[in-house]
Amino acid sequence: MKKNVFLFFLASFALLFTGCQNNEADFPSSDDPTIVVATKEIYGAPTRKFEIKAALADDLGLKSVEIQIPELSLDKVITFATDPLLETYDLSYFFEVPADRGTSEAFKIKLKITDVSGNSIDEEINLRLDGEFAAPAISMITPKEGAVILLSTSNLMPVNFVVNDDSGIDYVQVQCTALGIDDKVQLSGSPQTYTFNKTYTLPVTAANYVLTITAKDKFAIPNTGTLNINVVATNEYPALYLCDQPKGTNLTTDAVGVPMYFHEKSGQDFEFKYYADKDNKEIYFLGQESDFAPHCFGLDASGNVIDDVASAPIVLPTKGYYVIKVNPNTLKYTATKYTPSSKVWADIANGLWHDVEAQRKPFVSVCGGGIQGATWDTWDAWMQKGLHLANNPNNPYQLVGEYTLTGTMEATFTGQWWSPSWRLIKNGIATMSPGENGNAKYPAAPGVYKVVVDTELERAFITKK
């Protein structure tokens with residue numbers, strides 16, 4: 001009898017213990033969950049991520065969603081909390097296609113949605129790896145960014161560009177709100193290349209305009225490319241630039257100083273200081289910063305200055321520093337050689353910091369952003385020896401080196417405690433402090449650049465190596 005009583009209590013305790021350990025709540029029956037996918041067909045590509053989007057719902061509560069692509073080793077389960085119950089869920093799941101898959105392959109994305117009552121439904125989405133995701137490429141012929149249109153010569157603005165796209169072009173569009181331009185060209189036959197060429201008439205008053213060029217392709221999920229071009233319509237040149245690069249050079253690949261901004265301006269009389277690093281140095285004057293067209297001042301066959309992209313270069317006969325004056329209206333120029341009288345910062349590469357000022361040897365490094373190793377601390381500038389500039393053995397007024405740029409750059413070339421220092425402001429101007437405040441930001445493609453700081457010209461030249 002005692003044994004039976006003991007077994008009864010043991011069984012009751014086991015039943016009670018088991019009941020306490022069961023954390024799985026019991027839910028009443030409910031309707032099946034629902035799913036609404038964003039698309040039944042997804043385009044991907046090897047090494048590219050794609051997104052699975054869907055709206056999940058259940059009248060009582062969702063338990064889980066399983067995402068499978070067996071061939072790509074994808075088996076993901078997302079489990080939802082049940083306290084409180086989740087009735088709706090916006091699925092957004094990203095997955096990267098392995099690099100070893102082919103662009104002609106296709107798969108099924110399998111989704112299984114289960115609710116807390118144990119009901120489940122299945123859904124499939126087609127995945128294709130022949131996706132095309134690049135926006136149409138727009139190549140401007142004219143006008144280029146920052147182009148100057150001289151109204152005193154002509155108020156016509158030719159707009160010429162080429163669009164390329166692998167999947168075919170749907171339309172191109174040219175817009176300028178200020179000019180009331182909204183030209184949309186709908187293309188037939190999905191051409192992979194299209195050239196737009198039209199001339200617009202500008203008002204005779206000076207103003208700045210922004211052209212917006214848009215192109216859309218014919219892919220199943222269309223891609224759109226957009227380009228904004230700033231244009232200056234003026235009766236006088238706001239600036240001139242001295243260019244010592246050969247015709248055809250891309251003038252937008254360097255970070256700072258190419259072509260070189262003028263030094264002084266009075267009306268349309270522009271004055272430059274310039275260093276010719278060799279005899280018979282060839283130069284041009286440009287009416288815009290980023291291209292040789294539309295305004296390029298050189299020489300004609302008789303040696304006269306002309307505004308013509310086909311002009312011959314102006315030649316500076318001997319190596320050295322020049323003061324050059326040019327007027328784009330009168331088409332006159334003079335080039336006078338001179339000997340600098342500014343301070344020479346010698347032995348920069350062997351600079352030495354010392355608490356006693358009389359025992360210091362100046363060094364010049366860099367503080368700033370977008371430059372590998374640089375900070376805004378002059379002590380870091382001193383300690384990072386790879387950032388130090390050296391004297392150009394061929395020109396005592398130039399400090400030279402190499403920097404690795406990591407993106408948009410701003411800089412002050414400096415010694416310890418900002419003595420000496422040259423702040424890099426707008427247009428490549430490197431003013432010796434104290435001078436104008438406000439370092440300019442210069443977009444630059446990452447890479448290694450040659451650096452020249454000309455202390456006589458107060459200009460910096462940072463060019464792609």
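So, a negative patch on the surface
Next up, step 1: Where like charges cluster on the molecular surface, the negative patch consists of Asp-31, Asp-32, Asp-59 and Glu-87.
Next up, step 2: Looking at where Asp-31 falls in the secondary structure, it is placed in the loop between helix H1 (2–21) and strand E1 (34–37).

Describing the nonpolar core
Next up, step 1: By size, the foremost hydrophobic cluster in this structure holds 38 residues, and its most contacted members are Leu-242, Phe-272, Tyr-274, Ile-283, Phe-285, Leu-286 and Ile-324.
Next up, step 2: Ranked by residue count, the leading element in this core is strand E20 (residues 269–276), at five residues.
Next up, step 3: With near-sequence residues (within four places) excluded, Tyr-274 lies in contact with Leu-242, Asp-244, Met-260, Lys-281, Ile-283, Leu-316, Gly-320, Tyr-321, Tyr-322, Ile-324 and Leu-457.

Looking at the layout of surface pockets
Next up, step 1: The volume enclosed by the largest pocket comes to roughly 740 Å³.
Next up, step 2: Contributing to the lining of the largest pocket are 29 residues, with Glu-145, Tyr-241, Thr-252, Glu-289 and Ser-290 lying nearest its centre.
Next up, step 3: In terms of residues, the lining of the largest pocket owes the most to one element, strand E16 (residues 224–234), which gives three residues.
Next up, step 4: Classifying every residue of the lining of the largest pocket gives 16 nonpolar, nine polar and four charged.
Next up, step 5: Of the volumes computed, that of the second largest pocket is approximately 550 Å³.
Next up, step 6: Lining the second largest pocket are 24 residues, and of these Asp-244, Asp-277, Gln-398, Val-452 and Phe-461 lie nearest its centre.
Next up, step 7: Going through the elements one at a time, strand E17 (241–243), E20, strand E29 (395–414), strand E32 (447–454) and strand E33 (459–464) are the ones with two or more residues in the lining of the second largest pocket.
Next up, step 8: Per-element accounting of the lining of the second largest pocket gives the leading share, three residues, to E33.

About the thresholds
Residues numbered from 1 in each chain as written. Predicted model: local features only at pLDDT ≥ 70, side-chain atom pairs only at ≥ 80, totals over all residues. Heavy atoms only, no water. Patch = residues over 30% accessible without salt bridge, like charges linked within 9 Å, V, L, I, M, F, W, Y side chains within 5 Å. Areas by Shrake-Rupley, 256 points an atom, 1.4 Å probe, with all protein chains shown as cover. Salt bridge = Lys/Arg side-chain N within 4 Å of Asp/Glu carboxyl O. Lys, Arg positive; Asp, Glu negative; His and termini not counted. Charge placed at Lys NZ, Arg CZ, Asp CG, Glu CD. Helix = DSSP H or I, 4+ residues; strand = E, 2+ residues; numbered from the N terminus. Core = buried A, V, L, I, M, F, W, Y, C linked by side-chain atoms within 4.5 Å. Buried < 20%, exposed > 50% of the residue type's maximum accessible area, 1.4 Å probe, protein only. Contact = heavy atoms within 4.5 Å. 1 Å grid on protein atoms, 1.4 Å probe; cavity = no way out; pocket = protein on both sides within 12 Å on 5 of 7 lines; lining within 4 Å. Points joined across faces, edges and corners; volume = space filled by probe spheres on them. Nonpolar A, V, L, I, M, F, W, Y, C, P; charged D, E, K, R; others polar.

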